[in-house]
Amino acid sequence: MTHDESPTARALLLLEMVQSSPGITAERLAGRLGVSERAARRYVGILREAGIPIESERGPYGGYRIGRGLRLPPLMFTPAEALGLVMAVLDGHHDTGDPADPVGGALGKIMRVLPEAVAGPAAAVRSLSTRHPEPGARTPDPETTAVLAQACAVHRRLRLRYRIHPGDERVMEVDPWAVVVRRGRWYLLCWSHTRNARRVLRVDKVACVEVLDVPAVPPADLDPAEMLEDHLSAGWRHEVEVVVDASAEAVAEWIPRSLGRLEPIDATGTRLVGSTDEPDWYVRQLTAIRAPFRIVGSRELREAAEALGRRLLHAGA
């Protein structure tokens, strides 16, 4: 039945209107439901009999609104609202999967009462995790993100339109492997059949997506977080090689994986190999290393380190 045929559905739709538009009149309710004002008041009575406290006020500024009571009215979300809620919680809190955590427990209760059509995509997005959002990170479209996450879960190929630059969009067919959230940025790890290569795509740059009825099996040894960090640390203009007088385990605790690959030299020495487009920024990250180190490769990186050293010496003079 549609809400035009079912009294119960019409009553619930009326409840949603009162929730979203406090002070709404019987005339407006009737018009939006396509029924008479008398019928609209009858649906208000049905909700009140169910224990939902709907208050009414007379006069030119009167209307219906949800009152305070012992029983909360049911929550009703559109798919976009539910996905937006889950993504907002992910962006601001990283224990959404822990039922013992207050935020994770509250989100779980909401998820359990959502219809399956809404709960399925929301659950796929909720399974992701995020840490420490970085300034300027953009939250992508919730519905697009849900499609990508579900396609990864059910292993289905995608055809998508991707914004390389403003005004430059390209159609790609990809096998989606995983959606990863890193410091507030959302990435799709995939195999591009268009380029015949592994790709890491920014989810906020996906303009349109279509799920194809073609299997897409990820690599058996896929480590999504490791793959993303490898991608972010390689392929930039200036090659980096740094020798650190400390074990690889110690260096890994001091700097992020995205700076490059750590190669143990011996028990007390480690080689950091990577690349960067921003030598000044990269050198500042190296200052987190709590042991002596030498920049072996990249003249630009050595010059940036010397400039930073002079500034620090001048500041202490």
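Residues numbered from 1 in each chain as written. Predicted model: local features only at pLDDT ≥ 70, side-chain atom pairs only at ≥ 80, totals over all residues. Heavy atoms only, no water.

A. Spatial organisation of the sheet that holds strand S8 (residues 238-244). Pairing within the open sheet is antiparallel, and its four strands lie in the order S9-S10-S8-S11. Edge strands, defined here as strands with exactly one partner in the open sheet, are strand S9 (261-266) and strand S11 (293-295). Pairs of neighbouring strands in the sheet enclose a mean axial angle of 20°, with direction left out of account. Sheet topology places S8 next to S11; three bridges connect them, and they run antiparallel. In the strand pairing of S11, Val-242 is matched with Ile-295. This element, helix H10 (residues 279-286), spans S8, strand S10 (269-276) and S11 of the sheet and lies at about 155° to S10. (Pairing = 2+ DSSP bridges. Helix = DSSP H or I, 4+ residues; strand = E, 2+ residues; numbered from the N terminus. Axes fitted to C-alpha atoms, helices over the stretch in contact; angles between N-to-C directions. Contact = heavy atoms within 4.5 Å.)

B. Structural view of the pairing of strand S5 (residues 185-192). Among the eight residues that make up S5, seven are buried, leaving the element largely enclosed by the rest of the structure. The pairing of S5 with strand S6 (residues 197-202) spans six bridges and is classified as antiparallel. The residue bridging Ser-192 from the neighbouring strand is Ala-197, located in S6. Between the end of S5 and the start of S6, which pair antiparallel, lie four residues, with Asn-196 showing a positive phi angle near 55°. (Buried < 20%, exposed > 50% of the residue type's maximum accessible area, 1.4 Å probe, protein only.)

C. Molecular detail of the packing of helix H2 (residues 26-33) against helix H3 (residues 37-49). In contact at an axis separation of 8 Å, H2 and H3 are set at 100° when each is read in the N-to-C sense. Here H2 lies roughly perpendicular to H3, going by the angle between them. Listed contacts from H3 to Ala-26, Glu-27, Leu-29, Ala-30 and Leu-33 of H2 are Glu-37, Ala-40, Arg-41 and Tyr-43. (Parallel < 35°, antiparallel > 145°, perpendicular 65-115°, else oblique.)

D. Quick look at the sheet that holds strand S7 (residues 206-215). Across the sheet, which stays open at both edges, the five strands sit in the order S6-S5-S4-S3-S7 with antiparallel pairing between neighbours. Every other strand in the sheet has two partners, leaving S6 and S7 as the edge strands with one partner each. The sheet shows a mean angle of 45° between the axes of neighbouring strands, direction not considered. Each of strand S3 (156-165), strand S4 (168-182), S5 and S7 is contacted by helix H7 (residues 142-154), which is oriented at about 70° to S4, the strand it contacts most.

E. Region of the structure containing the environment of Gly-269. Mapping Gly-269 onto the fold places it in strand S10. Given the relative accessible area of 7%, Gly-269 is considered buried. Taking the C-alpha atoms as reference points, Gly-269 and Asp-245, separated by 24 residues in sequence, lie 4.7 Å from one another. If we skip the residues at most four places from it in the chain, Gly-269 touches Val-244, Ala-246 and Pro-264.

F. Highlighting the nonpolar core. By size, the foremost hydrophobic cluster in this structure holds 19 residues, and its most contacted members are Val-242, Trp-254, Leu-286 and Leu-301. Mapped onto this core, the elements with two or more residues apiece are S8, helix H9 (248-254), H10 and helix H11 (299-315). (Core = buried A, V, L, I, M, F, W, Y, C linked by side-chain atoms within 4.5 Å.)

G. How the structure looks around H10. Every buried residue of H10 is accounted for by Pro-279, Tyr-282, Val-283 and Leu-286. End-on, the buried residues of H10 take up no more than an arc of 100°, which puts them together on one face. Elements in contact with the buried residues of H10: S8, S10, S11 and H11. (Arc of directions from axis to C-beta.)

H. Region of the structure containing the packing of aromatic side chains. For the structure on display, the rule yields one aromatic pair. We note Arg-42 situated over the ring of Tyr-43; from NZ or CZ to the ring centre the distance is 5.7 Å. (Phe/Tyr/Trp six-rings, centres within 6.5 Å; stacked < 30°, edge-to-face > 60°. Lys NZ or Arg CZ within 6 Å of the ring centre and 35° of its normal.)

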